[in-house]
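Notes for the structure review
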2 protein chains.
Amino acid sequence: MPPKTVKPARRRAKQQRARATVDVIREAAAHVLLREGYARATTNRIAEVAGVSVGTIYQYFNNKDAIFDALIRREVDGLKQLLVKASPDPAVPVADALGILLSSIIRARPEAPTLYRALEQVPNGLFRRRVAEARGNVVEWLRDFLSTHRRELRVRDLEAAAFVIVAASEGIAMNASPEFYRNRGAEEVAALFTRYLTAGSA
Amino acid sequence: MPPKTVKPARRRAKQQRARATVDVIREAAAHVLLREGYARATTNRIAEVAGVSVGTIYQYFNNKDAIFDALIRREVDGLKQLLVKASPDPAVPVADALGILLSSIIRARPEAPTLYRALEQVPNGLFRRRVAEARGNVVEWLRDFLSTHRRELRVRDLEAAAFVIVAASEGIAMNASPEFYRNRGAEEVAALFTRYLTAGSA
DNA sequence: ATACATTCTGAGCTTCTGCTCATATTTGGG
DNA sequence: CCCAAATATGAGCAGAAGCTCAGAATGTAT
């Protein structure tokens, strides 16, 4: 078996123009995915919407999947950063802390779930895989956060509690309508978790 | 504009042999989807796995999407039926009722979430759409169930509570590992909901 | 101004997909 | 056993997708 030229290895953007182009392509991919669905998100269509030729795409992305992988990474990283930025002071009680955390995430990018639902159609379950990776980190972070409040909590297995909270939040976030949040939805979710965690009659 | 022959309209299975063929095709689609992913689930591959020729597929399905639509319908209907069968006696307290409901669903088809995750890749978000429809029914059903136990509950907005519970369950079900259930996972989820719903210190 | 590197172009090649249809096979009632 | 209806076959077509590459355009440095 010949040494097999492991990877074609695309050009890396060196000038500003090029970096801008990469951004434009990624945004176009997001736009087409959101408005027309994955099935219509062909490389030619993405190039067209980006105002760029197909060839240009392949200067920076090894193949079509790589475009969406980049998009997915950006979205997931954005969410992680949002979490650490909204991360509440350890001094405040868990009940309030969770409420703050949830509503700040919800308000930050209300249109995000729509994009996420579209991203589920990317081949190989790439979105789910990347989200699962990130969830590992988030669960870890939440477990540690909970452990600093151990005295206030009635739950024993903090790892399990952290997973339950994160997975449940995902389920709600992916399926809630905007109206849900307009009518006390966020408070209801906060209640779900604080009642689970603490003995208070909140 | 010409009258446009509205629908090709496929043959309907009349003999048993034909009904068996339809089943074989649907099962093959599920099998390929699960083992090889949607990207490799071509009509030719499905036919091959089904031990049937491509032409046969198109005797019973208008197009490729219809195969997966049928598969999705079967799965979603199965879940709904599971729910009504496991539906607990209204006499038992909510806390116990929810626990029974959850664990019976979890135990019924432990491998289901893997298939569901694969079904998310079906074009047009068909799976999500069908699940969303079914969720409407389930939320309604749960709201009514809760309302028969109104006295035991601390929640006010039963509609919102029902949605929160169903959506959260989905999130947990789609992402939990088998180990999670082996280690008290189901009990933990039941605790999440009963603490949310009732004032008891369960 | 010149030279070289970087970036962009887009017609078109290759590959593969969904699907058809003329034909063959099987079924079951009379 | 016969034959019309039902079912199954599969080579191959139409079309579209991902991707390439030879060259044009643009940027940077001297």
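An account of the accompanying structure is given in this report. Here the structure is a predicted model, which is why all the values come from computation and not from measurement.

Focus: the protein's contact with DNA strand C
The full set close to DNA strand C counts 26 residues, and A:Gln15, A:Thr21, A:Gln59, B:Tyr58 and B:Lys64 are the nearest of them. Near-protein atoms of DNA strand C (within 4 Å) split between backbone and bases, with sugar and phosphate holding 70%. Between DNA strand C and A:Ser53 there is a distance of 2.8 Å, counted from a phosphate oxygen to a backbone nitrogen or oxygen. Between DNA strand C and B:Lys64, the relevant distance is 2.4 Å, taken from a phosphate oxygen to a side-chain nitrogen or oxygen of the residue. Contributing elements (two or more residues each) for the surface near DNA strand C: α1 (16–36) and α3 (54–60) of chain A together with α2 (43–50) and α3 (54–60) of chain B. Take the surface near DNA strand C: its biggest share by element is 5 residues, from α3(A).

Some remarks on the side chain of B:Arg135
With respect to the helices, strands and loops of the structure, B:Arg135 is situated in helix α7 (residues 126–147). Under the relative-accessibility criterion, B:Arg135 is labelled buried at 8%. Within the structure, B:Arg135 has its side chain in polar contact with the side chain of A:Asn175 (distance 3.1 Å). Residues contacting B:Arg135, with those up to four places away along its chain left out, are A:Asn175, B:Val166 and B:Glu170.

Re the protein's contact with DNA strand D
For DNA strand D, the set of nearby residues contains 25 residues, the closest of which are A:Tyr58, A:Lys64, B:Arg11, B:Gln15 and B:Thr21. Considering the 4 Å shell around the protein, atoms of DNA strand D inside it are sugar or phosphate in 69% of instances. A:Tyr58 has a polar side-chain atom sitting 2.7 Å from a phosphate oxygen of DNA strand D. In this structure, A:Lys64 approaches DNA strand D through a side-chain N or O atom, which is 2.4 Å from a phosphate oxygen. Elements with a contribution of two residues or more to the surface near DNA strand D: α2 (43–50) and α3 of chain A together with α1 (16–36) and α3 of chain B. When residues of the surface near DNA strand D are assigned to their parent elements, the largest contribution, 4 residues, is made by α3(B).

Some points on the relation of the copies chain A and chain B
Structural alignment of chain A on chain B gives an RMSD of 0.1 Å, achieved by rotating through 180° and translating 0.0 Å along the axis. Such a combination of rotation and displacement between the chain copies is what one expects of a two-fold axis.

Re the packing of aromatic side chains
This model, assessed by the stated rule, comprises 10 aromatic pairs over all chains. For the ring pair A:Trp141 and A:Phe145, a centre distance of 5.6 Å and an interplane angle of 10° mean the geometry is stacked. Taken together, the positions of A:Trp141 and A:Phe145, both in helix α7 (residues 126–147) and 4 residues apart, correspond to about one turn of that helix. Overall, the relative accessible area of 27% leaves A:Trp141 in the partly exposed class. Residue A:Phe145 is classed as buried on the basis of its relative accessible area of 9%. An aromatic cluster is built from A:Phe163, B:Phe180 and B:Tyr181, whose rings are joined through pairwise contacts.

Rules and cut-offs
- Residues numbered from 1 in each chain as written.
- Chains lettered and ligands numbered in written order.
- Predicted model: local features only at pLDDT ≥ 70, side-chain atom pairs only at ≥ 80, totals over all residues.
- Heavy atoms only, no water.
- Near = heavy atom within 4 Å.
- Polar contact = N/O pair within 3.5 Å; in protein donor to acceptor, adjacent residues only side chain to side chain.
- Helix = DSSP H or I, 4+ residues; strand = E, 2+ residues; numbered from the N terminus.
- Buried < 20%, exposed > 50% of the residue type's maximum accessible area, 1.4 Å probe, protein only.
- Contact = heavy atoms within 4.5 Å.
- Least-squares fit on C-alpha atoms with pLDDT ≥ 70 in both.
- Phe/Tyr/Trp six-rings, centres within 6.5 Å; stacked < 30°, edge-to-face > 60°.

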